[in-house]
Amino acid sequence: MATLICGSLAFDTIMSFEGRFAAQILPEQLHILNVSFLVPTLRRDFGGCAGNIAYAMRLLGGTPLPKATVGNDGASYMERLRTLGISAEFVREVEDTYTAQAMIMTDQDNNQITAFHPGAMMQAHITHIAPREDIRLGIISPDGRDAMLQHAEEFHAAGIPFVFDPGQGLPMFDGRDLAHFVELATWVTVNDYEGKMLCDRMGVDLAELSRRVRGLIVTLGGEGCELWEDGQKTHVPAVKAAEVVDPTGCGDAWRGALLYGLEQGWPLLKCAALGNQVGALKIASRGPQNYSLDGVVTS
């Protein structure tokens, strides 16, 4: 069984600011904002939601198939996937554009400011989903707007159950679009901020939203997550991280674990608990794809 992961492959340029953003940004002066942050450390990582989710799934022993686009600078990412043992058969190279790029700055309180250049991601709709015997599961994570809409319809037409994970792509859609995504999806996963935005735009609460899908999960960072099924909420406690080093990609690591559990046919509660374990290990390492899963319990 394999899982088709629709989303971005991106290069992440990650910078660490040793102070606090709040101490540098004056609320009463936002209309003339002009700030500069000294970032003593900088590194470049492989990232993007599809890549990060696939990385976590592969570490757990799942079979991820990222479905994404890269630009004319994407050869190193394609080689990275091959090195990890992740198939790149659904990754398309687009000439005359760059691979998506995220510039992420984190302060000492783990607040983040991100600038994102979509590049080849905006051409992700050139790829299509068709039924295939070994593909039994999918996810729509943040991607080009047209691609997210198209792939939801194609998953549904192919009879492939999928997770709707709008993430930072959520503001691109109005209430009608989001209601249609939910209508087509089998599961929905959001963080607490995204959950509030999703509910506000659809005009529902979390209990009602959960009645429209098989399961709804709202991640709460260091507080674990809430699992909603048929209007009933269960809190899944967090796993304490050995240390908090870098939150970049933590949500994607969690979703990789969720998909691995769904591949195994686990109940959603067990999937969410594994997600909390993997998220705690990821946050203790720098970068979205540099951690190991030593000590994770999957039985």
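In this text, all values refer to a predicted model and were calculated from it rather than measured experimentally.

**Looking at the overall build of the protein chain**
A tally of regular secondary structure across the protein chain gives 9 helices and 13 strands. Relative to the compact-globule value of 19 Å for 299 residues, the protein chain shows a C-alpha radius of gyration of 18 Å, a close match. In terms of principal-axis extent, the alpha carbons of the protein chain reach across some 50 × 45 × 40 Å. A buried classification covers 55% of the 299 residues belonging to the protein chain. If you sum the accessible surface of the protein chain, you get close to 13,500 Å²; carbon and sulfur atoms cover 51% of it. Both charge centroids of the protein chain, one from 23 positive and one from 36 negative side chains, sit 3 Å from each other.

**Comments concerning the layout of surface pockets**
Counted as a void, the largest pocket has a volume near 1,500 Å³. Lining the largest pocket are 49 residues, with Gln112, Asn191, Pro247, Cys250 and Gly251 positioned closest to its centre. Going through the elements one at a time, β2 (10–16), α2 (49–60), β6 (100–106), β7 (112–117), α6 (192–202), α8 (250–263) and α9 (268–283) are the ones with two or more residues in the lining of the largest pocket. The residue makeup of the lining of the largest pocket, split by class, is 22 nonpolar, 20 polar and 7 charged. Taken as a whole, the second largest pocket encloses approximately 150 Å³ of empty space. Looking at the second largest pocket, it is lined by 14 residues, and the ones nearest its centre are Gln277, Ala280, Leu281, Ala284 and Asp294.

**Considerations on the sheet that holds strand β1 (residues 2–6)**
Pairing within the open sheet is mixed, and its 9 strands lie in the order β5-β4-β1-β8-β9-β10-β11-β12-β13. Two strands in the sheet have a free side with no partner beyond their single neighbour: β5 (91–93) and β13 (232–236). Averaged over all pairs of adjacent strands, the angle between strand axes in this sheet comes to 20°, irrespective of strand direction. Strand direction decides the pairing type here: strand β11 (residues 215–219) and strand β12 (residues 225–229), joined by 4 bridges, are antiparallel.

**Overview of α9**
Over its 16 residues, α9 extends 22 Å from the first C-alpha to the last, a length consistent with the 22 Å expected when each residue adds 1.5 Å. Among all positions in α9, only Leu268, Cys271, Ala272, Leu274, Gly275, Asn276, Gln277, Val278, Gly279, Ala280, Lys282 and Ile283 are buried. Its buried side turned inward, α9 meets α2, β10 (187–191), β11, β12, β13 and α8.

**Brief notes about the nonpolar core**
In this structure, Leu259, Leu262 and Val278 are the most contacted members of the largest nonpolar core, which totals 42 residues. Dropping the residues within four chain positions of it, Leu262 is found in contact with Met1, Leu137, Val163, Trp187, Leu268 and Cys271. Counting residues in each nonpolar core, the second largest holds 36 residues, with Ile140, Leu184, Ala185 and Val188 among its members.

**So, the packing of aromatic side chains**
In total, this model carries 11 aromatic pairs according to the counting rule given. Between Phe17 and Phe37 the ring centres are 5.0 Å apart and the planes differ by 70°, which places this aromatic pair in the edge-to-face class. Highlighted residues: Phe17 in the loop between β2 and α1 (21–24) and Phe37 in the loop between α1 and β3 (41–47), separated in sequence by 20 residues. Ring centres 5.2 Å apart and planes at 20° place the aromatic pair Phe155 and Phe162 in the stacked group. For the pair formed by Phe155 and Phe162, the shared burial category is buried.

Conventions we followed
Residues numbered from 1 in each chain as written. Predicted model: local features only at pLDDT ≥ 70, side-chain atom pairs only at ≥ 80, totals over all residues. Heavy atoms only, no water. Helix = DSSP H or I, 4+ residues; strand = E, 2+ residues; numbered from the N terminus. Rg over C-alpha atoms; globule rule 2.2 N^0.38 Å. Buried < 20%, exposed > 50% of the residue type's maximum accessible area, 1.4 Å probe, protein only. Areas by Shrake-Rupley, 256 points an atom, 1.4 Å probe, with all protein chains shown as cover. Lys, Arg positive; Asp, Glu negative; His and termini not counted. Charge placed at Lys NZ, Arg CZ, Asp CG, Glu CD. 1 Å grid on protein atoms, 1.4 Å probe; cavity = no way out; pocket = protein on both sides within 12 Å on 5 of 7 lines; lining within 4 Å. Points joined across faces, edges and corners; volume = space filled by probe spheres on them. Nonpolar A, V, L, I, M, F, W, Y, C, P; charged D, E, K, R; others polar. Pairing = 2+ DSSP bridges. Axes fitted to C-alpha atoms, helices over the stretch in contact; angles between N-to-C directions. Expected span 1.5 Å × (residues − 1). Contact = heavy atoms within 4.5 Å. Core = buried A, V, L, I, M, F, W, Y, C linked by side-chain atoms within 4.5 Å. Phe/Tyr/Trp six-rings, centres within 6.5 Å; stacked < 30°, edge-to-face > 60°.

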